[in-house]
Amino acid sequence: MLALQIYWVFKNWISLNFQKIIFSFLPLLPAPCSLVNDRLTLLYHGEKAVNCDQFMLNQIKDLATKLAPRLIEIRRHIHSHPELSGQEYQTAAFVAGVLSSSGLYVQEGIGKTGVIGELRVNSNDERLLAIRTDMDALPIQERTGLEYASRAEGVMHACGHDVHTTVGLGTAMVLSQMAEELGGKIRFLFQPAEEIAQGASWMVEDGAMKNVSAILGVHVFPSIPAGSIGVRYGALTAAADDLEILIIGESGHGARPHEAVDAIWIASQVITALQQAISRTQNPLRPVVLTIGQINGGRAPNVIADKVRLLGTVRSLHPETRAQLPNWIENIVASVCHSYGATYQVNYHQGVPSVQNDYALTQLLQSAGEEAWSSDRVQVLPEPSLGAEDFSVYLDYAPGSMFRLGVGYKERILNHPLHHPEFEVDETAIITGVVTMAYAAYKYCQNSQT
Ligand code: NI
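Rules used in this analysis
Residues numbered from 1 in each chain as written. Predicted model: local features only at pLDDT ≥ 70, side-chain atom pairs only at ≥ 80, totals over all residues. Helix = DSSP H or I, 4+ residues; strand = E, 2+ residues; numbered from the N terminus. Buried ≥ 20, exposed ≤ 12 C-beta atoms within 10 Å, placed from the backbone. Contact = placed C-beta atoms within 7 Å. Core = buried A, V, L, I, M, F, W, Y, C linked by C-beta atoms within 7 Å. Domains from an automatic or database assignment. Pairing = 2+ DSSP bridges. Axes fitted to C-alpha atoms, helices over the stretch in contact; angles between N-to-C directions. Expected span 1.5 Å × (residues − 1). Bend = angle between axes of the 7 residues up to and from the residue. Parallel < 35°, antiparallel > 145°, perpendicular 65-115°, else oblique. Left-handed = near helix turned anticlockwise from the far one by under 90°. Nonpolar A, V, L, I, M, F, W, Y, C, P; charged D, E, K, R; others polar.

Chemist: Could you clarify how one ought to interpret the overall build of the protein chain in this entry?
Modeler: If you tally the helices and strands in the protein chain, you get eleven helices and 18 strands. The buried share among the 450 residues of the protein chain stands at 43%. Across the protein chain, every contact between residues at least 6 apart in sequence was considered, and the portion connecting residues at least 24 apart equals 78%.

Following this line, the structure appears as structure tokens:
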């Protein structure tokens, strides 16, 4: 009798909890989402309704959390061994090693010292998503005092490219473990020489963007706290062009200016005229920043200089504004030089264009961040930066979007800016970066409309 009662209680419990039991085993299955329609809502752990995206997000978070100690080790290794633009030999070899051991198809020597890792899966989807990170460091003497500070004299990862490389590797490591569920092809670009704005062009020349249908990128941002990200619709960074102005006057005695053409004084007039003309002749709603950062001329305190060379950078956001800048600058230089009897040369060299984030891909990053974390950890940035980023070079070949990864310490009043010898990152940001990037990649592969 007792045995019968126990049997009935057990049978009822089983039938009442059947769904719970079945779904509690789902996380253990290798490809749960391939078992169901990927938009079908299913019960997860029998407690809350979640869909397949949530399930995959949980998987990504679990994998990233397990990888966290290894990723911090990787970041510290790269941070200790920084290499200047175009010389990323050790970094590239290290990156290639990690990618190979994660099962990716690896190509080295792309864009001189760049690396490509491809996650190849059997899929009918022809689209190919590229994820780009950069690997080079800056000629700065590190002053952080960290135990894993740079071991290379006068070279430092002061722009966070060590974090970018780690986020790229972490994303590759996570997605390689769920390649079948991903259902899409992903190409990881580890680019050299971003700081001299040439690495992206080198990568493109070697075919890095061949067949790519969209590209995502990331850059650290110390004014956003670690754990949060920033996205921006439209312009993220400025076009950055190089400017060289030569002013040629006539030498003479320092006491007899009327017999000479003073190139130094004329150069000062040119600089003043350019700065004033920006405020009076350029549309203030379409920013232009012109900085003369280097000036050379003269031989002695009592000799009037016959030649001055000015070197500068010109930043703008709008392509139409940018297009008229070379003539606009030359006209101003010409009018000043003619007024005072000097001749001139203006060499204007177009550098990288402005990063213009694609709307749909920015939306993808925003929703990936909001679902992975929460909406208050995703900032929609109201303003672009007038810094430059050669990520823009890739955007001539496919739409893309770059997000800002917060790396600031919440508890610190001052987080040093990028390119500062004491620049530091809160390493908890690495997981935020990996999860956001990996989940955005998953969502891209799932959504054929993006
Ligand atoms: Ni940078």
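Chemist: Help me understand the environment of Leu 246 in this model?
Modeler: One can find Leu 246 in strand 10 (residues 239-248). Leu 246 sits in the partly exposed class, given 18 other C-beta atoms within 10 Å. Beyond its immediate chain neighbours, meaning those up to four positions away, Leu 246 contacts Lys 307, Arg 309, Tyr 344 and Gln 345.

Chemist: Where do I start with the nonpolar core in this structure?
Modeler: Generally speaking, nonpolar side chains in soluble globular proteins are found buried as a group. Membership of the largest hydrophobic core comes to 88 residues, with the highest contact counts inside it found for Ile 60, Val 434, Met 437, Ala 438, Tyr 439, Ala 440 and Ala 441. At 13 residues, the largest contribution of residues to this core is made by helix 11 (residues 429-446). Looking at which domains feed residues into this core, each of domain 1 (53-237 + 354-446) and domain 2 (239-349) gives three or more. The residues touching Tyr 439, leaving out its near neighbours within four places in the chain, are Leu 57, Ile 60, Ala 368 and Ala 372. Listed in part, the 23 residues of the second largest apolar core include Ile 247, Leu 274, Cys 337 and Tyr 344.

Chemist: Quick question: what am I supposed to make of the sheet that holds strand 5 (residues 128-134) here?
Modeler: Sheet strands pair by backbone hydrogen bonding; their relative direction is either parallel or antiparallel. The eight strands are arranged 3-4-6-5-7-18-8-17 in an open sheet whose pairing can be described as mixed. Because the sheet does not close on itself, it has two edges, and the strands there are strand 3 (105-110) and strand 17 (378-380). Mean inter-strand twist for the sheet, computed between neighbouring axes without regard to direction, equals 25°. As paired strands, strand 7 (residues 214-225) and strand 18 (residues 400-408) are joined by eight bridges and run parallel to one another. Pairing of Gly 217 across the sheet is with Met 402, part of strand 18. Sitting on the sheet, helix 4 (residues 161-176) touches strand 4 (114-119), strand 5, strand 6 (185-191), strand 7 and strand 18, and the angle it makes with strand 5 is about 145°.

Chemist: Is there a simple way to explain the sheet that holds strand 10 in this structure?
Modeler: Across the sheet, four strands lie side by side as 12-14-10-15; this open sheet has antiparallel pairing. Each of the sheet's edge strands pairs with one partner strand only, and the pair in question is strand 12 (288-297) and strand 15 (343-352). Ignoring which end each strand starts from, the neighbouring axes of this sheet average 15° apart. Summarising the sheet, strand 10 and strand 14 (residues 307-316) pair through ten bridges and their orientation is antiparallel. Residue pairing across strands places Asp 241 opposite Val 314, the latter belonging to strand 14. Relative to strand 12, helix 7 (residues 263-281) is tilted by about 175°, and along the sheet it contacts strand 10, strand 12 and strand 14.

Chemist: Teacher, can you tell me more about helix 2 (residues 52-80) here?
Modeler: The terminal C-alpha atoms of helix 2 lie 40 Å apart, and with 29 residues this matches the ideal 42 Å at 1.5 Å per residue to within 8%. Of all bends in helix 2, the biggest is about 55°, found at Ala 68, and the proline Pro 69 comes one to four residues later. Looking only at helix 2, the buried set comprises Cys 52, Met 56, Leu 57, Gln 59, Ile 60, Ala 64, Leu 71, Ile 74, Arg 75, Ile 78 and His 79.

Chemist: Would you explain the environment of Pro 319 in this entry?
Modeler: For Pro 319, the location among the structural elements is in helix 8 (residues 319-340). Taking C-alpha positions, Pro 319 is 8.1 Å from Pro 353, a pair spaced 34 residues apart along the chain.

Chemist: Quick question: what am I supposed to make of helix 11 here?
Modeler: Residues separated by three or four positions in an α-helix point in the same direction, a consequence of the helix having 3.6 residues per turn. Spanning 18 residues, helix 11 covers 26 Å between terminal C-alpha atoms, matching the ideal 26 Å at 1.5 Å per step. The element helix 11 is largely enclosed, with a buried count of 16 among its 18 residues.

Chemist: I keep staring at the packing of helix 2 against helix 11 and nothing clicks. Help me out?
Modeler: What describes two packed helices is the angle between their axes and the distance between those same axes. Relative orientation of the contacting elements helix 2 and helix 11 amounts to 140°, with a least axis distance of 9 Å. When the interaxial angle is binned, helix 2 and helix 11 end up oblique. When the axes of helix 2 and helix 11 are compared, the crossing they make is right-handed. Contacts between helix 2 and helix 11 pair Met 56, Leu 57, Ile 60, Lys 61, Ala 64, Thr 65, Ala 68, Leu 71, Ile 72 and Arg 75 from the former with Ile 430, Ile 431, Val 434, Val 435, Ala 438, Tyr 439 and Tyr 442 from the latter. When its residues are assigned to classes, the contact of helix 2 with helix 11 shows 14 nonpolar, one polar and two charged.

Chemist: Whenever I open this one, unusual backbone geometry confuses me. Can you help?
Modeler: With glycine set apart, most residues show a phi of negative sign, and most peptide bonds adopt trans. The phi angle at Ala 193 is positive, at roughly 50°, despite the residue not being glycine. Looking at Ala 193, the number of C-beta atoms within 10 Å reads 25, which means it is buried. In this structure, Ala 197 takes a positive phi of about 55° despite not being glycine. Looking at where Ala 197 falls in the secondary structure, it is placed in the loop between strand 6 and helix 6 (199-205).

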